[in-house]
Amino acid sequence: MGLFDKNKERDEDLKRRNPNNLPTKFQVIIRMVVGVYLCYLVFKLVKDGALVNTEGVEKIIMIAAVILFAVAGVFFFIRGFKAFRAREYFDPNTDDFSEEGQAAAEAEKEEKAAEERAYAEANGGVKPGTMASFARLTEASRVSDEEQEEAYEMAKEANEEE
């Protein structure tokens, strides 16, 4: 098996594991770093007087570079930050896209859905974790005054017998 075959096999595996072609976490972080660095370059160009010390065509080129660097830096940083915050990246170390891993994830998802359906059926169509299920739990935990009096009398009798 040659180098080209290995690379082709690796690329096919990556396409199968990352079908949305998301960047890795490292690539997202590098985008943010590049954005900050480009903004730093703009700051240094303006601070060091690169625009003041140039004339003619050089000044036009410097102004264009400052604008390009500023726009690109902000763009890269914001795009990278949004992807990082939304966790829109591929992590090859934690994502299990093998056939066994996919089957186990699908079975777990089906099992969880079956548990939720069974819970909802047992509780009159109320899904777990909703406000309606919380209201049912708090309603079930309430004890009427008669039941409290009855429990008090039973406990009092039990204490007197001992």
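Refer to the structure presented above.
Per chain, the residues get numbers from 1 upward, laid out in the order the sequence is written. Under the rules for a predicted model, residues below a pLDDT of 70 receive no local features and side-chain atom pairs below 80 are neither given nor counted, while totals for whole chains, interfaces and linings still include all residues. Note that water and hydrogens are dropped before the side-chain values are worked out from all heavy atoms of the structure.

### A short note on the packing of aromatic side chains
Only the six-membered ring of Trp is used, alongside the rings of Phe and Tyr, when aromatic pairs are assigned; centres must lie within 6.5 Å, and planes under 30 degrees apart are stacked while those over 60 apart are edge-to-face, with the rest tilted. Per the counting criterion, the structure on display carries 4 aromatic pairs. Note on Y37 and Y40: the rings are 6.2 Å apart at their centroids and 35 degrees apart in plane angle, and the pair reads as tilted. Of this pair, Y37 and Y40 both sit in helix α2 (residues 25–47), 3 residues apart, roughly one helical turn. Only DSSP runs of H or I with at least four residues qualify as helices, and only runs of E with at least two residues qualify as strands; both kinds are numbered from the N terminus onward.

### A closer look at the pattern of salt bridges
A pair can form between side chains of opposite charge whenever their charged atoms are brought close. Whenever a carboxyl oxygen of Asp or Glu lies within 4 Å of a side-chain nitrogen of Lys or Arg, that contact is scored as a salt bridge. This model, assessed by the stated rule, comprises 2 salt bridges. Taking the shortest distance from any N to any O, the salt bridge between R10 and D11 comes out at 3.9 Å. Per-residue accessibility, obtained with a 1.4 Å probe over protein chains only, is compared with the maximum for each type, and a residue is labelled buried under 20%, exposed over 50%, and partly exposed between these values. On the basis of relative accessibility, which here comes to 37%, the residue D11 falls in the partly exposed class. A salt bridge links D48 to K44, with the nearest nitrogen and oxygen atoms 4.0 Å apart.

### Considering unusual backbone geometry
Look at R87: it is not a glycine, yet its phi comes out positive at around 55 degrees. Tracing the chain through its elements places R87 in the loop between α3 (57–85) and α4 (99–122).

### Details of a nonpolar patch on the surface
Think of a patch as exposed residues, more than 30% relative accessible area, with no salt bridge, where like charges cluster within 9 Å and nonpolar side chains (Val, Leu, Ile, Met, Phe, Trp, Tyr) cluster within 5 Å. For the accessible areas, the method is Shrake-Rupley and the probe is 1.4 Å, while residue cover comes only from the protein chains on display. A cluster of nonpolar side chains, contributed by V36, V74, F77, I78 and F81, occupies part of the molecular surface with about 400 Å² of accessible area. In terms of residue count, the dominant contributor to the nonpolar patch is α3 (4 residues). Its place among the elements puts F77 in helix α3.

### Topic: α3
Two residues of an α-helix separated by three or four positions point the same way, owing to the 3.6 residues in each turn. One less than the residue count of a helix, multiplied by 1.5 Å, gives the span that helix is expected to have. Under the 1.5 Å per step criterion, the end-to-end length of α3 is 42 Å for 29 residues, consistent within 8% with the ideal 42 Å. Within the span of α3, buried status applies to M62, V66, A72, G73, G80 and A83. Any pair of residues with heavy atoms lying within 4.5 Å of one another is described as a contacting pair. Its buried side turned inward, α3 meets α2. Directly after α3, the chain includes R87, whose backbone phi takes a positive value near 55 degrees.

### Describing a negative patch on the surface
A contiguous patch of negative charge, built from D145, E146, E147, E149, E150, E153, E157, E160, E161 and E162, is present on the exposed surface. Summarising the element assignment, D145 is placed in helix α6 (residues 145–161). On the basis of relative accessible area, D145 is assigned to the exposed category, the value being 56%. Neither His nor the chain ends is counted toward charge; the positive residues are Lys and Arg and the negative residues Asp and Glu. Charged side chains are reduced to one point each, which is NZ for Lys, CZ for Arg, CG for Asp and CD for Glu.

Just geometry here; none of it tells us what the structure is for.
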